[in-house]
Amino acid sequence: MKEQCKIKTSIGGQALIEGVMMRGPKKTVAAVRNTEGALETKDFSDQIRQHPKWMRLPFIRGVVSFIDSMKLGYTTLMYSAEVSAGTDAEPESKFDLWLEKKLGDKTMKVLGTVASLLGVALAVVLFLWLPAFLFNLIPGAKESAGLGWWRSVFEGMFRLVILVAYMALVSRLPDMRRVFQYHGAEHKTIFCYESLEELTVENVKKHSRFHPRCGTSFLVLMLLVGIVIGFFIRTPNTLLRTVIRLLLLPVTMGVGYELIKLCGRHNNLFTRIIAAPGLWMQRITTKEPDDGMIEAAICALQAVVPENGEDRL
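Residues numbered from 1 in each chain as written. Predicted model: local features only at pLDDT ≥ 70, side-chain atom pairs only at ≥ 80, totals over all residues. Heavy atoms only, no water.

A. Representation of the environment of Ala 15 within the structure. Within the fold, Ala 15 resides in strand E1 (residues 12-16). In this structure, the C-alpha to C-alpha distance between Ala 15 and Thr 76, residues 61 residues apart in sequence, is 9.7 Å. Here Ala 15 is in contact with Val 179, Tyr 182, His 183 and Glu 186, once residues within four sequence places are set aside. (Helix = DSSP H or I, 4+ residues; strand = E, 2+ residues; numbered from the N terminus. Contact = heavy atoms within 4.5 Å.)

What follows is the structure in structure tokens.
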């Protein structure tokens, strides 16, 4: 059921390992529960960059926001991993000790960069190259220009299937399920704030865990927008289609971001139709949180709410 909110806020967040990050117009704060059960908070406001006006223009701001969110999300996620692990982390292996000897303080940064590059490469193969390759295996598909529309639909639906299957599989892992519970706590707390209710555990519990401005919804919208963009990519060559789609990613991000902003500001038939696929996906990527998770989300949100109401949309 659609939440009937009294205000709309620009405040958003991200689920962390045993915690929640909330990002307001001026401050970004992460609240993470340590091994002793206490909440630790850290202000990441220095990570927020002030961009020139042209970077805040419609469609351009989507790409800029995506890059900023990725950087900030990675930084806060690493922080939550350190706090939640505490001093009970597993003993270092010989490989870990060798890396520390060779790289010193740069070990985590280098490993993070390598992991990110491998992740991007895997995403390109699974979401861009593989769908085009598989469609070309259909008899006559590569030679028929009349299959252009079906090609884009096939590739887009294949990407959606991969995303849904991946999310469904990882949601079965106990650690990831807890992250998805914190994700639910983040959404429910923002809804409670938008309803102008006191931020208490009992009040937050009453609200929905499905929010139209979620990053999950953004990913789904990007895939759907990609289907439309694919209608205009006429080449059947797998490698060339992959390169063109990579070059058009800023367009996909820009359009997807504007649609998410539209869903966050308005509640009408058009926005409900746009938001529906992402809200459905959130049934996988969000779970009902416990009281401690809600407390973490409340702690982070209260720290970023501005006094002058400049977060209101």
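B. Examining the pattern of salt bridges more closely. Counted according to the given criterion, the structure contains 14 salt bridges. Salt-bridge contacts for Glu 194 lead to Arg 213; the nearest nitrogen and oxygen are separated by 3.7 Å. Taken together, the positions of Glu 194 in helix H5 (residues 174-194) and Arg 213 in the loop between helix H6 (201-205) and helix H7 (215-230) put the pair 19 residues apart, joining distant regions of the chain. Taking relative accessible area as the criterion, Glu 194 reaches 2% and is therefore assigned buried. With a relative accessible area of 21%, Arg 213 lands in the partly exposed category. (Salt bridge = Lys/Arg side-chain N within 4 Å of Asp/Glu carboxyl O. Buried < 20%, exposed > 50% of the residue type's maximum accessible area, 1.4 Å probe, protein only.)

C. Spotlight on the pairing of strand E4 (residues 39-43). For strand E3 (residues 28-33) and E4, the ladder comprises 5 bridges, and the chain directions are antiparallel. Pairing of Ala 31 across the sheet is with Thr 41, part of E4. Joining the antiparallel neighbours E3 and E4 is a turn of 5 residues, in which Gly 37 adopts a positive phi near 90 degrees. (Pairing = 2+ DSSP bridges.)

D. Representation of the nonpolar core within the structure. Met 22 and Leu 301 are the most contacted members of the largest nonpolar core, which totals 24 residues. For this core, the elements supplying multiple residues, two or more each, are strand E2 (19-23), E3, H5, H6 and helix H11 (291-304). When residues of this core are assigned to their parent elements, the largest contribution, 8 residues, is made by H11. Leu 301 has contacts with Ile 11, Met 22, Thr 189, Ile 190, Tyr 193 and Leu 199, leaving out every residue within four places of it along the chain. Within the second largest apolar cluster, 10 residues are counted, among which are Phe 218, Leu 221, Cys 263 and Ile 274. (Core = buried A, V, L, I, M, F, W, Y, C linked by side-chain atoms within 4.5 Å.)

As far as function goes, none of this settles anything; it's purely spatial.
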